[in-house]
Every structure is written in C-alpha cells, then in structure tokens.
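Topology and contacts: notes
Given next are the chains, with one letter for each unit.
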Amino acid sequence: MSQAHLTVDRAFTVADVPHRLFGSFVEHMGRCVYTGIFEPGHPQADQRGFRQDVMKLVKELGPTVVRYPGGNFVSGYLWEDGVGPVEDRPVRIDGAWHSIETNAFGLHEFVEWAREAEVEVMEAVNLGTRGVEEARALVEYANHPGGTYWSDLRRKNGAATGTIEEPFDIRLWCLGNELDGPWQIGHKTADEYGRLAQETAKAMRLVDPDLELVAVGSSNRQMPTFGSWEHTVLSHTYAEVDYISMHAYYQEHDGDAASFLAEAVDMDAFIDGVVSTIDAVKAAGKHTKQVDISFDEWNVWYQRGLETEDQPHQVAKGWQKHPRLIEDSYNVTDAVVVGTLMHSLLRHGDRVRIANQAQLVNVIAPILSEEGGPAWRQSIFWPFARIAAMARGQILRLAVDADQVSTQKFGDVDVVDAAATWDEGTGRLSLFVANRGMEESNDLTLDLHGLEATGISSAEVLAIPEERDRKAANVLDDQDAVGLRPLREVGLEDGALRVTLPPMSWAVVQLEVKSA
Ligand code: AHR
C-alpha cells in the first residue's frame, strides 16, 4: 500500500473557482453537431431537431460555457451560410475535415440550443480565410439591438426560422483557431496573426465595447514556435485581448500507462510556461492589466493516423455529410487522466479562467450517440460531471507529501494527484484525487488547518470494475461498464480524513467543515 499525506489550510487559497473552467466545445466536425446534439427526425428530437436524450446528458455533465463552431472548421467557415431560411442555405465543402457541410444548423440554432442547455456561448471568428470586416459584421449581427443592416437581418432571420430575434449577447469571442499550425486553413506567422488579431479585436470592440477576447496561442507545447508565438502575438495584442488560448491533447503511447497517468505534470508545466510569457510581455510593455489563459481545447485523444506534420488529424475519405471522425472510446485509465487534467486546471485557477474539454458529443467526447439510436456516457463523463458540480468557492493550495511512482517520461512523480475547493457559504470542502499507482492501493490522509471536519457528505470512486481490466469502457452494448461507485474505505480520524484509494482510480470526497 502506498502512502500520501495532504494538508490544506483555509488561509492558503489559489483563487475563486472560475465558473468558466468547466467548458466544452461543439465543432462542426464529424458527428458532434449532426446526429450529436442535432438530429431532426430522431425519436428523441424536439420540433427543432435538438436531441433531448443528448440534452439531458449535457445538463447532467454540467458544462458552463461551450465554444462554437470550431476548431479547424472555423478557419474556412462563412458564418452567413448558417443563418436565414434553412432551404436557402448553401451546401459547402468543409476543407478542414474533408466533409460536406449542409448548414442546416447554424448560429441561431446554436444560441437557442445553448440557452436550453443553460451554457454560455463562446463564439469563434474565422481569421483563416477572413478578417476584420466579417468579424465585425458577425458581432453586429449577434449583439446589436436593431436598426442596422446586420442586426435587422438577425431579427428577420430569427422571425423567418422561428428562432431568436433579440440580441444574442455573446460576450466571449475567440480570435480564430490554431493559426500557428501548418494544417490550419489560412496558417499565419506570429507577426501576421498578431497584427490581424489586434486590428480585428479593435474593430469588434468598436461595435460592442464589452467583449472578452481570446487571442490564439500555440496548438500544443511541442510546436516549434511554442513560446515565441505567444510572445510575438501578445506583443501585438496585449492591450486588446483578455486571454490567450492553450490547447493540449494527451494519449497513452506504446502501453506506457505510468507516463500517461502522469500527464498532468506536463499540463502544469505547459501552463506555467505560458503564464511566464504573458507576464514577460506585460512587464516589457509596462501594462497594468492582466491577461489570463483560456485553455479552450484539452482532452485525451488517441491521435491515430498522424499521416504528416502538415495534416496531423484524421479526415474523412470521400465527401460525406457528418462522417464518423475521431470517436474515441474511453476506458478507466483515460477517465483517471481526465480527472488529473482537471486538477491541473483547478490548481492554476488564478490564471486559467476558461477551459473547454474538446469536444461535447461523439468527437473525442464524454457523450456518445448513435444516429436513430441511444446516447450514453463515456468513462470520462464522470470526473468532469463531479468536478463541475462540486468545485465551488475557493481553490485551496494543497501540500502533498506522497510516495513516488517512476515514469519514463517524467521521472519520479507523486503517486497521487489532487485538487481541493472549499465553499465557505455551504460549509463544504471537496477533495478530488487520483491514485496513479497501477498495482497498489493508496492510504491517503488529509489534514485540515483552520477548518474542522464535522462529517462526510459524499464519497465516490471510479476504478477498474470487478472482473474487468483498465481497458473497460462504456460501449453501445454495455453502456454502464465504467462509472462511479460509493467509496467505502473512508472516515474521519482525529479531525483528519482517511481514505483508501484503489489502484488506478479517481475519487471525490466531500466533507462538511466549519472554521476551527
Ligand atoms: O478538437 C479537434 C481539433 O483539434 C480542432 O478542430 C482543432 O482546433 C484541434 O487541432
């Protein structure tokens, strides 16, 4: 049995839990929109074509903000194609995913879907093939009350399609997507992008001054331009933007589960690196405002089919409507890793103020759906849903004194990975913790300073199901193989929490606490 000793002190907090840290992402890619959230004619779809079985799972998952419409897709997208009477909308080629885009679903439908799902809209503009003019037109279309060309068109289109006519009031905007990547339509150098983003931001704010804007950061930490890209882009845009984006996808390589389980170490270092670059540009430019991070694509993704550096993603063969693309099936190990990635985001909640798991349905997603068939939860659904529901109040700094596990990629790392929040209003402290040890259970103690535990309100664990292995996953014929179960080996001893975590598991324990 390995050992871990954690300590929290109510005086040592990181930040308030950012409401937007539990975001998700809907891209016009594969079956995320079509046969995912939207499938007219499905037995569970309403009159607008919104699948209510999927909607129910989305509400249970609990995302707070959803990025739309891409992703790589947005860099070739003409937003005007997706508004107005559906029969008049053009069918187009989507170059990013080699698919046919019917445009049956567009901005009005997404805003209406988002309102029903009770999520904030995070809208991306196309800075691949387009620029300042189309972006400012889109802001006018979305947010201006009326009496101008674009805002009146919104009203007219809303009336014609029976969707929303009033301003959409979209506050959060991404200034393009992954424009550092050679695979991106309209790929740019950092200087080209930085200038374009600066001018686009300025023009968008002249239409609506209260926007929050996200500049594009590196597509991943391995990009040859990582670091210099952020520095150059922010040197152009610091005064105009509020956030810079980060993207990261993780996978198990060659059966090296130990390194995969420790990937939060990489995420921690990646975030620390971007924070340093932001602060260097801030200091050099004598800025007083703080730019923060929007980690607007993260997840586990088995990037099979890495054909070339220029086109690292799987695309469809032929030209199909909503082909099956990157529909990864997630197992127990993946769920534990997703839990740890969310811990990393929480630990950096003072600077990472927005984060979006990519994506929401079917495409590397916590929810799967079949065309004409059922929808169900993947293993990774569970850590997201619990953290989104239970991380409240203040993020607490954790002191960790734990046994080590050795990994090929990161050397020795703590056997446990954890995050904690404390909500003074409800008197609840939530501990989220993973045991990265693959063979041994972990005997964990949590000491509280300045707080007194008076009871345990809930304790659940996701672990390898009995008589299965770590590759167990929720599939069409076995939709509930992996889930949460009550954590039985948990108790309070002399004011400390004692828990036994099974090997390779993720757990959440919620305590009732009062000030000591
Ligand atoms: O989420 C899938 C893709 O990954 C997105 O379209 C792109 O931005 C990223 O490379």
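Relevant structure appears above.
Residues numbered from 1 in each chain as written. Predicted model: local features only at pLDDT ≥ 70, side-chain atom pairs only at ≥ 80, totals over all residues. Heavy atoms only, no water.

Looking now at the pattern of salt bridges. In the structure shown here, the tally under the stated rule is 38 salt bridges. Connected through shared salt-bridge partners, R31, R324, E327 and E370 make up one network. (Salt bridge = Lys/Arg side-chain N within 4 Å of Asp/Glu carboxyl O.)

Moving on, we come to the pairing of strand β12 (residues 352-358). Of all seven residues that make up β12, six are buried, and the element is covered over most of its length. For strand β2 (residues 23-25) and β12, the ladder comprises three bridges, and the chain directions are parallel. Within β12, the position partnered with G23 by the bridge is N356. Where strand β10 (residues 292-300) lies against β12, four bridges are found, and the strand directions are parallel. Bridge pairing links F295 to A355 in β12. (Buried < 20%, exposed > 50% of the residue type's maximum accessible area, 1.4 Å probe, protein only. Helix = DSSP H or I, 4+ residues; strand = E, 2+ residues; numbered from the N terminus. Pairing = 2+ DSSP bridges.)

On to the state of the cysteines, then. Per the stated rule, a full pass over the model turns up zero disulfides. Residue C32 stays outside any disulfide, its sulfur separated by 15 Å from that of C174, the closest cysteine. The exposure class assigned to C32 is buried, which follows from its relative accessible area of 0%. Exposure remark for C174: the relative accessible area of 2% places this residue in the buried category. (Disulfide = S-S within 2.5 Å.)

What follows is about unusual backbone geometry. The phi torsion of most residues other than glycine is negative, and most of the peptide bonds are trans. In the segment running from Y68 into P69, the intervening peptide bond is cis, with an omega of 0°. Residue placement: P69 occurs in the loop between β3 (65-68) and β4 (92-94). Note the cis peptide between A358 and Q359, where omega equals -5°. Within the element layout of this structure, Q359 appears in the loop between β12 and β13 (367-369). Phi at D169 takes a positive value of approximately 55°, unusual for a residue other than glycine. The backbone of D494 shows a phi angle near 50°, a positive value even though the residue is not glycine. You can see D494 is positioned in the loop between β23 (490-493) and β24 (496-501). For D494, a relative accessible area of 84% corresponds to the exposed category.

Another point: helix α5 (residues 190-207). A turn of α-helix holds 3.6 residues, and therefore any two residues three or four places apart point the same way. Its 18 residues place the ends of α5 26 Å apart at the C-alpha level, agreeing with the 26 Å of an ideal helix rising 1.5 Å per residue. Those residues of α5 lying buried are A190, Y193, G194, L196, A197, Q198, T200, A201, A203, M204 and R205. Buried residues along α5 sit in contact with β6 (120-125), α3 (132-143), β7 (172-175), β8 (212-215) and α6 (228-237). (Expected span 1.5 Å × (residues − 1). Contact = heavy atoms within 4.5 Å.)

Attention now moves to the sheet that holds strand β11 (residues 320-321). On the basis of which strands lie adjacent, the open sheet formed by three strands has the order β4-β5-β11 and mixed pairing. A strand with exactly one partner marks an edge of an open sheet, and here the two such strands are β4 and β11. Two strands pair when backbone bridges link them, and strand β5 (residues 99-101) and β11 are joined in this way by two bridges, in the parallel orientation. When the sheet's bridge partners are listed, I100 is paired in β11 with K321.

A few words now on the sheet that holds strand β1 (residues 2-16). Spatially, 10 strands are ordered β22-β21-β25-β19-β18-β15-β1-β20-β24-β23 in an open sheet, and the strand pairing comes out mixed. The sheet is open, and its two edges are formed by β22 (485-486) and β23, each paired on a single side. Looking at chain direction, strand β19 (residues 428-435) and strand β25 (residues 505-515) are connected through eight bridges and run antiparallel. The residue of β25 that forms the bridge with A434 is W506. Here helix α9 (residues 332-347) sits on the sheet in contact with β1, β15 (394-402), β18 (416-423), β19, β21 (451-462) and β25, set at roughly 50° to β18. (Axes fitted to C-alpha atoms, helices over the stretch in contact; angles between N-to-C directions.)

It is worth stressing that arrangement in space is one thing and function is another; only the former is reported here.
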